[in-house]
Amino acid sequence: MLSLDPSGPEWDCPLGSKDLEEEGPWGGGSGLPPTGCFPGSWRQDVGLDCKGSPEGAEARAWTVYYYSLLQSCLQQAGLPETQDRGQVPRTGNMLLCLSPAWLMKVPAPGQPGEAALLVSKAVSFHPGGLTFLDDFVPPRRATYFLAGLGLGPGRGREAAELARDLTCPTGASAELARLLEDRLLTRQLLAQQGGVAVPATLAFTYKPPGLLRGGDASLGLRLVELSGKEGQETLVKEEVEAFLRSEALGDILQVAVKLSGWRWRGRQAWRLHPRAELGAVVDTVLALLEKLEEEESVLVEAVYPPAQLPCSDGPSPGPGLAVRICAVVCRTQGDRPLLSKVVCGVGRGDRPLRHHNSLPRTLEVALAQCGLGEEAQVAAVRQRVKAAAEAALAAVLALEAGLSAEQRGGRRAHTDFLGVDFALTAAGGVLTPVALELNGGLCLEACGALEGLWAAPRLGPAADEAVAAPLVETMLRRSARCLMEGKQLLVVGAGGVSKKFVWEAARDYGLQLHLVESDPNHFASQLVQTFIHFDMTEHRRDEENARLLAELVRARGLKLDGCFSYWDDCLVLTALLCQELGLPCSSPAAMRLAKQKSLTQLHLLHHHGPPWPAPSLHAVPCCPLESEADVERAVHQVPLPGVMKLEFGAGAVGVRLVEDAPQCHEHFSRITRDLQGEADHPGIGLGWGNAMLLMEFVEGTEHDVDLVLFGGRLLAAFVSDNGPTRLPGFTETAACMPTGLAPEQEAQMVQAAFRCCLGCGLLDGVFNVELKLTGAGPRLIEINPRMGGFYLRDWILELYGVDLLLAAVMVACGLRPALPTRPRARGHLVGVMCLVSQHLQALSSTASRETLQALHDRGLLRLNLLEEALVPGEYEEPYCSVACAGPSPTEARLRLLGLCQGLGIDGPSYPVAHFLSHFK
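Please read these numbers as outputs of a predicted model, since none were measured by experiment.

Peer 1: I'm lost on helix α11 (residues 469-484) in this one. Help?
Peer 2: End to end, α11 covers 23 Å across 16 residues, agreeing with the expected 22 Å (1.5 Å per residue, within 8%). Across the 16 residues that make up α11, a large majority, 13, are buried. Positive phi appears at Gly 486, one or two residues downstream of α11, with a value of about 85°.

Dropping the structure here:
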């Protein structure tokens, strides 16, 4: 839910003007919005009143003003006018409330001091730029709230009160905004905690806030605490004189004197003075001291002249051009900052350059206008801005982590995005961004205005490149967590060490898990609300077991919201149990179809559509094998070479390339002898039997596609690339994400995986589809009707900020996960698998579990442990995956190769360079 309040413009206010607190940013103190601002035509007879919450004349005027502002924005973007659908409300995830009367807070049962936020009326947003004015009866519960906050005209005060102490997550609060608007506090924070360059500043404070520490002269910040606002002439003169003569100012020629504090947001009283005019600076400071209240400051700060850019052709005849850089940075998965967008303002170097008095433009265009067009230098400036902006948000998040819920404005109040304004200076011949201030919405507004320049010709950036995209992802993620907190879920099958993350994530998300597991001593039995010991190893009895389990669930009085499994063996049983309990899930028939590999291929081979292209295009000829006679028949039906594998197998155990009939018979006999039941190799599906299949071997590169489906609709897809396997086996060797495929090929893979799932009847869930890309297009290897295994959930979470586990449990509860349509990867990961048979010596010494974990903790590699013990065997699964990150696949690959050589993972019998060769 959104409720945005535009911030007022900033301007110079000469000393001696009337009290700024009485003057609104529109130049008057009436409390009414401006009139005549929006030339255009749209319907005026829309229902803006909310039933049961009448508004006064002034409040009504602001509601009309905000509605007109929205229509003007839509009109300029070439989008349709909002339709009034109050009598037939639509459902939408993103809601815009234009009036406090459209919202209400109600006490939350069992959560003293907190309230739920309900929406009675809102503008909802839909694909294609459609907007609707909706009434909600009964009111809808907000699962995320972002409010525009402020003390000026408009709805800032009401928004601040609405945002305080909510049960749903909030992306801002008045308490946090007060901290960000205190220039002195934020400059000290950025300089001391974030290592970000800030203007040299002398500050006089009166009863400073407790969060302020002593000024650090080495960082160019000097804090002088005053005992009172009067009788400070001597102290002020001494401090100002010392500051104006200090080395911290370098060759600065001008200083600014201004007020700092929450009250002065958007209403800044300040003066520029030559550095040499000591008396004038002192007089201005003393005059401003009279206006101070507790926790406010008077700042004397350096004013940086326009940077002389390296490519400028000599001195310009005029005052030169100044650049003000505006960066928006967002809080993403794991509380990590991510730069979203950078825009710039360009203006005369002898005049203050502020928001709203220059047109926004890209960094490249702005620097080119000032004489810097060399690509490498512009890239270096962008990288410095990115590092400084992300460090600024990291410092703010670290500060917030130490605050109490009361200091933050609520238990769930956090800063989700930040605007950082920079001046560009030339220090020691290097162009350096200097952070001037932090703001809540002005930088976001500037970036949106730049995107709006492209609206009419429709030539602008794609929606996933919009400045708000990372912020929206954060909103959706926090909203999903709110929806899922306290949900009761039954998990069928606990899995092994590779699934330990499930229990950690469940605790983090506030899920209440109840576990059904065959092993009475499984470690997860101590990590759940309810543990049901039940022998599920004989999967030929799944229908009977589902009925018995349903009775056990009812007998224990469990009130379940959903039931799911991520363990191959238990997928059909889970679908049957969901059917018994009336819980959402793909059908048991679809699960059976996907679980048995030959059945999957043969079903899809005969699935010719419509619609076209049909999934039969991606299926591969195969033949099921249960006896030697089946093998003899299969070698005449399936072209050789072929691939033999277990019908219900997992982890590529027992999969082998066979080139002729004798090899087929030999491998069938070996598997029949060695892998007869669950005890021979637990966890790979032998509880279903050891039947096999022979399928045609297709040449091509191998890829995984991880899909999220809800109601038969594709919500998200993630494609990764696999390295060449060590034939004749097919155990995975290496992987890379995101895919290096061309966009068209990536789209083919996604659509092939999607069509194969639909062809089998898999409509709801998180699925992993293995395919090969051949010269004739994608060909299906197999469908795993559960979340991707090994490292996949971890990598997708790291690169895209999307948690497949959270998506899976939401679908299991019948809730549609709100996921980014085209999520952007935040880098590249390249990894290799370690095998006990190949790496026992290294894994016991140079690449021990402790060594790998230490490197993981230092951020030098990414470790995913897949097995607990170093036990070699003929039929093995990978022991662990080690990966390296990088801004490009080449850099990640080279880092990983060097690491593997140093740790002893690379060797003649396990040539890592060869396994990574597909990722060049």
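Peer 1: What is the right way to read the pairing of strand β6 (residues 130-141) from this model?
Peer 2: Two faces belong to every sheet, and in a regular strand the side chains alternate between them. When strand β2 (residues 83-84) meets β6, the two strands line up parallel, connected through 2 bridges. Residue Gln 83 lies in a different strand from β6, and its bridge partner there is Phe 132. Pairing of strand β5 (residues 115-126) with β6 involves 8 bridges; the strand directions are antiparallel. Directly across from Leu 118, in β6, lies its bridge partner Arg 141.

Peer 1: I keep staring at the packing of aromatic side chains and nothing clicks. Help me out?
Peer 2: The geometry of an aromatic ring pair is captured by two quantities: the separation of the ring centres and the angle between the planes. The tally for this structure, following the rule as stated, stands at 9 aromatic pairs. Ring geometry for Tyr 65 against Tyr 66: centres 5.4 Å apart, planes inclined by 65°, an arrangement best described as edge-to-face. On the basis of an interplanar angle of 20° and a centroid distance of 5.2 Å, the ring pair of Phe 648 and Trp 688 is categorised as stacked. Of this pair, Phe 648 sits in the loop between β22 (642-646) and β23 (656-658) while Trp 688 sits in the loop between α18 (661-674) and β24 (692-696), placing them 40 residues apart in sequence.

Peer 1: Looking at this model, I keep getting lost on the state of the cysteines. Mind explaining?
Peer 2: Two cysteines whose sulfur atoms are joined by a covalent bond form what is called a disulfide. Inspection of the entire model under this criterion finds 0 disulfides. The thiol sulfur of Cys 330 is not disulfide-bonded, and the nearest other cysteine sulfur, from Cys 447, lies at 9.5 Å. Cys 168 provides the cysteine sulfur closest to Cys 482, a residue in no disulfide bond, and the two sulfurs are 5.9 Å apart. Residue classification places Cys 482 among the buried positions, given a relative accessible area of 9%.

Peer 1: Even after reading the chapter, I still don't get the sheet that holds strand β29 (residues 777-784), so can you show me in this structure?
Peer 2: Backbone hydrogen bonds are what pair the strands of a sheet, in a parallel or an antiparallel way. In spatial order, the strands read β29-β28-β25-β26-β27-β30-β32-β31; together these 8 strands make up an open sheet with antiparallel pairing. Two strands lie at the open edges of the sheet, namely β29 and β31 (862-865), each paired on one side alone. Going from strand to strand, the sheet's axes swing by 25° on average, the running direction of each strand aside. Of the strand pairs in this sheet, strand β27 (residues 734-737) and strand β30 (residues 828-834) are connected by 4 bridges, and their pairing is antiparallel. Each residue of the ladder has a partner; that of Ala 734, found in β30, is Val 832.

Peer 1: Whenever I open this one, the environment of Ala 398 confuses me. Can you help?
Peer 2: Tracing the backbone through its elements, the reader meets Ala 398 in helix α8 (residues 375-401). Sequence-wise, Ala 398 and Val 224 are 174 residues apart; in three dimensions their C-alpha atoms are separated by 25 Å.

Peer 1: Looking at this structure, how should I read the sheet that holds strand β13 (residues 321-332)?
Peer 2: The sheet built from 4 strands is open, its strands ordered β14-β13-β15-β16 with antiparallel pairing. The two strands at the open ends of the sheet, each matched to only one other strand, are β14 (336-348) and β16 (430-439). Taking the axes of each pair of neighbouring strands and ignoring which way they run, one obtains an average angle of 30° across the sheet.

Peer 1: What is the right way to look at the side chain of Arg 361 in this model?
Peer 2: In this fold, Arg 361 is placed in the loop between β14 and α7 (363-369). Notably, Arg 361 is buried but unbridged: the nearest opposite-charge side chain belongs to Glu 364, and the N-O separation is 11 Å. Not counting chain neighbours up to four residues away, the residues in contact with Arg 361 comprise Val 343, Cys 344, Val 346, Ala 366, Gln 369 and Leu 450.

Conventions we followed
- Every chain is numbered on its own, with residues counted from 1 as its sequence reads.
- Predicted model: local features are reported for residues with pLDDT of at least 70 only, side-chain atom pairs are reported and counted for 80 or more only, and whole-chain, interface and lining totals are derived from all residues.
- Computation of side-chain values: all heavy atoms of the structure, hydrogens and water removed.
- Only DSSP runs of H or I reaching four residues or more are called helices, and only runs of E reaching two or more are called strands; each is numbered from the N terminus.
- Multiplying one less than the number of residues by 1.5 Å gives the expected span of a helix.
- Categorising residues by exposure relies on relative accessible area from a 1.4 Å probe, with only protein chains included: less than 20% of the type maximum marks a residue as buried, more than 50% marks it as exposed, and the intermediate range marks it as partly exposed.
- DSSP bridges decide pairing: two strands pair if at least two such bridges lie between them.
- Any two of the Phe, Tyr and Trp rings considered here, Trp counted by its six-membered ring, make a pair once their centres fall within 6.5 Å; the pair's planes then place it as stacked at under 30 degrees, edge-to-face at over 60, or tilted in between.
- Note that a disulfide, as used here, is simply two cysteine sulfur atoms within 2.5 Å.
- Each axis is a line fitted through C-alpha atoms, taken for helices only over the stretch in contact, and angles between the N-to-C directions span 0 to 180 degrees.
- Only four residue types enter the tally: Lys and Arg on the positive side, Asp and Glu on the negative side, with His and both chain ends excluded.
- What counts as a salt bridge is simple: a side-chain nitrogen of Lys or Arg found within 4 Å of a carboxyl oxygen of Asp or Glu.
- Between two residues, a contact is recorded if the distance between any of their heavy atoms is within 4.5 Å.

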